[in-house]
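An overview of the molecular structure
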Amino acid sequence: MTDAEPPPPRVRERLRALPSVDRLATSVARAELAERRAEVLGGAADEADLVARARERLRPAPRRVLNATGVVVHTNLGRAPLAAAARAAVASAAEGYSNLELDLATGERGSRHDHVEALLREVTGAEAAMAVNNCAAAALAGPGRDIVVSRGQLIEIGGGFRIPDVVAQAGARLVEVGTTNRTRLADYASAVGSETGAILRAHPSNFRTLGFTEEVEIESLCSLGVPVIDDVGSGALADDLALVAEEPAVRRSVRAGAGLVCFSGDKLLGGPQAGVMVGTREAVQACRRHPLARAMRIDKLSLAALHATLALYRDPERARTEIPVLSMLDAAPEALQARAVRLAQTCGGEVVSSTAKVGGGALPLLELPGPAVALDVGLAGPLRSGEPPVIGRIADGRLLLDVRTLTDEEADLAAAAVLAAR
């Protein structure tokens with residue numbers, strides 16, 4: 001469409017629907033003045049910049065930021081960035097109505113789980129699967145049943161959520177076995193009985209116990225003849241990526257015969273926030289029937305992003321290239337160096353050696369060496385307040401912009417932001 005050509009009817013309708021400048025400005029001004037009046041009446045004596053506050057009110061929240069911290073799966077910054085295919089899928093699902101719970105072939109009501117179950121079965125080898133907004137795997141044990149857990153795996157995750165509390169909420173009885181650092185197969189075997197609902201293996205994603213330690217492999221646990229719930233944490237489906245070899249592999253747990261394998265969607269999997277559960281048909285059906293299943297169901301936008309992300313895993317090479325988390329972890333040193341040099345030359349910083357982290361509670365001991373650009377620490381605040389905000393890392397009295405967590409395009413935007421902040 002050239003400048004002389006009128007926009008199509010659909011575009012004209014959307015343009016007409018935009019609020020007028022006066023209406024938008026009046027709405028924001030009224031809200032800001034009302035808030036300030038309440039502050040003054042409450043005793044505020046400061047001089048507030050109402051124009052700056054009104055400008056901030058107009059900004060979207062949450063909004064895009066540039067992650068230059070070097071933490072690949074940064075919980076405070078939304079964890080895994082989505083692949084282009086996943087972003088496109090979200091846009092398509094958000095454009096209007098969707099076939100979230102409609103079977104287009106029959107015209108009858110469908111299940112939202114059907115959109116990803118076949119893909120999950122394909123990429124994990126499981127009999128059945130479902131996705132929710134979080135994993136409440138302990139429900140499988142059932143009210144009044146025992147759930148057996150190693151003392152070394154009674155973990156607490158972010159926000160203060162603890163394994164004992166989750167088990168209690170499920171109405172199950174917690175049976176602790178072994179010690180903090182050593183748990184053997186015999187410990188589990190002696191605890192299993194007629195009241196055992198399941199054995200829970202919880203991967204300590206965000207810490208490691210080193211030294212005099214022992215734990216039981218998933219194959220041995222599955223040989224005890226009771227259902228095993230294996231919470232593998234970050235969702236390591238990229239088996240061929242050496243950097244994630246220390247994380248428990250989803251496919252291995254499925255092959256071992258775990259009743260239910262649980263993992264996150266927005267960590268090493270590289271997708272949206274989701275709780276993914278794969279395993280035996282009986283176990284997954286038990287989760288679907290649970291009274292909390294509806295409260296924990298996944299929404300249509302996350303479902304669209306998850307489907308698109310999983311589809312990339314059909315081709316491992318494509319997954320490593322197009323899923324940002326995997327691409328960052330597998331980045332070539334020469335590519336990182338070139339990106340850092342270009343950023344430093346543009347904004348006047350210094351290229352230094354640095355160490356990035358996986359983040360998101362995964363691989364806490366793994367260090368990812370690479371370059372960063374060192375700047376004056378005084379730029380940290382102005383860069384956070386810029387548009388787009390640039391979030392770096394402060395070390396040794398300097399602000400570091402780690403290029404591992406920036407694309408080439410984002411590095412250019414970061415350079416422009418630095419120049420504007422000076």
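Scope of this entry: the structure provided in the associated data block. (Residues numbered from 1 in each chain as written. Predicted model: local features only at pLDDT ≥ 70, side-chain atom pairs only at ≥ 80, totals over all residues. Heavy atoms only, no water.)

Comments concerning the overall build of the protein chain
The number of helices and strands found in the protein chain is 16 helices and 16 strands. The burial tally for the protein chain puts 41% of its 422 residues in the buried class. Taking the contacts inside the protein chain whose residues are at least 6 apart along the sequence as the reference set, 71% of them involve residues at least 24 apart. Here the protein chain has roughly 22000 Å² of accessible surface; of this, 53% comes from carbon and sulfur atoms. (Helix = DSSP H or I, 4+ residues; strand = E, 2+ residues; numbered from the N terminus. Buried < 20%, exposed > 50% of the residue type's maximum accessible area, 1.4 Å probe, protein only. Contact = heavy atoms within 4.5 Å. Areas by Shrake-Rupley, 256 points an atom, 1.4 Å probe, with all protein chains shown as cover.)

So, the sheet that holds strand 3 (residues 128-132)
Spatially, 7 strands are ordered 3-11-10-9-8-4-7 in an open sheet, and the strand pairing comes out mixed. Across the chains shown, the open sheet's two edge strands, defined by having one partner strand only, are strand 3 and strand 7 (173-177). Averaged over all neighbouring strand pairs, the angle between strand axes comes to 20°, with direction disregarded. Bridging between strand 8 (residues 196-202) and strand 9 (residues 228-233) involves 4 bridges; their strand directions are parallel. Within strand 9, the position partnered with leucine 200 by the bridge is isoleucine 229. Against the sheet, helix 10 (residues 281-289) makes contact with strand 3, strand 10 (260-264) and strand 11 (275-279), and its axis sits at roughly 30° relative to strand 3, the strand it touches most. (Pairing = 2+ DSSP bridges. Axes fitted to C-alpha atoms, helices over the stretch in contact; angles between N-to-C directions.)

Side note on unusual backbone geometry
Excluding glycine, a negative phi dihedral is what most residues carry, and trans is how most peptide bonds are arranged. A cis amide bond links glutamate 387 to the next residue, proline 388, at an omega of 0°. Here proline 388 shows up in the loop between helix 15 (380-384) and strand 14 (390-391). Unlike most non-glycine residues, arginine 79 shows phi in positive territory, near 60°. Relative to the helices and strands, arginine 79 is located in the loop between strand 2 (71-73) and helix 4 (84-94).

Re the sheet that holds strand 15 (residues 393-395)
Strand order in the open sheet formed by 5 strands is 2-12-13-16-15, with mixed pairing between adjacent strands. Bordering the open sheet on either side are strand 2 and strand 15, each of which pairs with just one other strand. This sheet shows a mean twist of 45° between the axes of neighbouring strands, independent of strand direction. Two strands pair when backbone bridges link them, and strand 13 (residues 368-376) and strand 16 (residues 398-402) are joined in this way by 5 bridges, in the antiparallel orientation. Pairing of alanine 372 across the sheet is with aspartate 402, part of strand 16. The strands touched by helix 14 (residues 333-347) within the sheet are strand 12 (350-359), strand 13 and strand 16, with strand 13 carrying the most contacts at an inclination of about 0°.

Things to note about the pattern of salt bridges
Any two side chains of opposite charge can pair, so long as their charged atoms come close to each other. Tallied over the full model, the rule gives 30 salt bridges. With a shortest N-O distance of 2.8 Å, arginine 201 and aspartate 230 are connected by a salt bridge. Linking arginine 201 in strand 8 with aspartate 230 in strand 9, this pair joins segments that are 29 residues apart in sequence. When sorted by exposure, arginine 201 lands in the same class as aspartate 230, which is buried. (Salt bridge = Lys/Arg side-chain N within 4 Å of Asp/Glu carboxyl O.)

Re the nonpolar core
Grouped together as the largest cluster of nonpolar side chains are 55 residues, with contacts concentrated most on Val250, Val278, Leu306, Leu310, Tyr313 and Leu329. In contact with valine 278, other than residues within four places in its own chain, are Leu120, Thr124, Ala126, Ala128, Ala129, Val250, Val254, Gly259, Leu260, Val261, Phe263 and Val284. (Core = buried A, V, L, I, M, F, W, Y, C linked by side-chain atoms within 4.5 Å.)

Things to note about the packing of helix 5 (residues 114-124) against helix 11 (residues 300-312)
Packed helix pairs are specified by the crossing angle of their axes together with the interaxial distance, meaning the distance between the axes. The geometry of helix 5 relative to helix 11 is characterised by a closest axis approach of 10 Å and an angle of 25° between their N-to-C directions. Accordingly, the angle class assigned to the pair helix 5 and helix 11 is roughly parallel. Where helix 5 crosses over helix 11, the handedness of that crossing is left-handed. Contacts between helix 5 and helix 11 involve His115, Val116, Leu119, Leu120 and Val123 from the first element and Leu303, Leu306, His307, Leu310 and Ala311 from the second. Its residues assigned to classes, the contact of helix 5 with helix 11 comprises 8 nonpolar, 2 polar and no charged. (Parallel < 35°, antiparallel > 145°, perpendicular 65-115°, else oblique. Left-handed = near helix turned anticlockwise from the far one by under 90°. Nonpolar A, V, L, I, M, F, W, Y, C, P; charged D, E, K, R; others polar.)

Considerations on the environment of glutamate 215
Topologically, glutamate 215 is positioned in the loop between strand 8 and helix 8 (218-222). Taking C-alpha positions, glutamate 215 is 6.1 Å from arginine 184, a pair spaced 31 residues apart along the chain.

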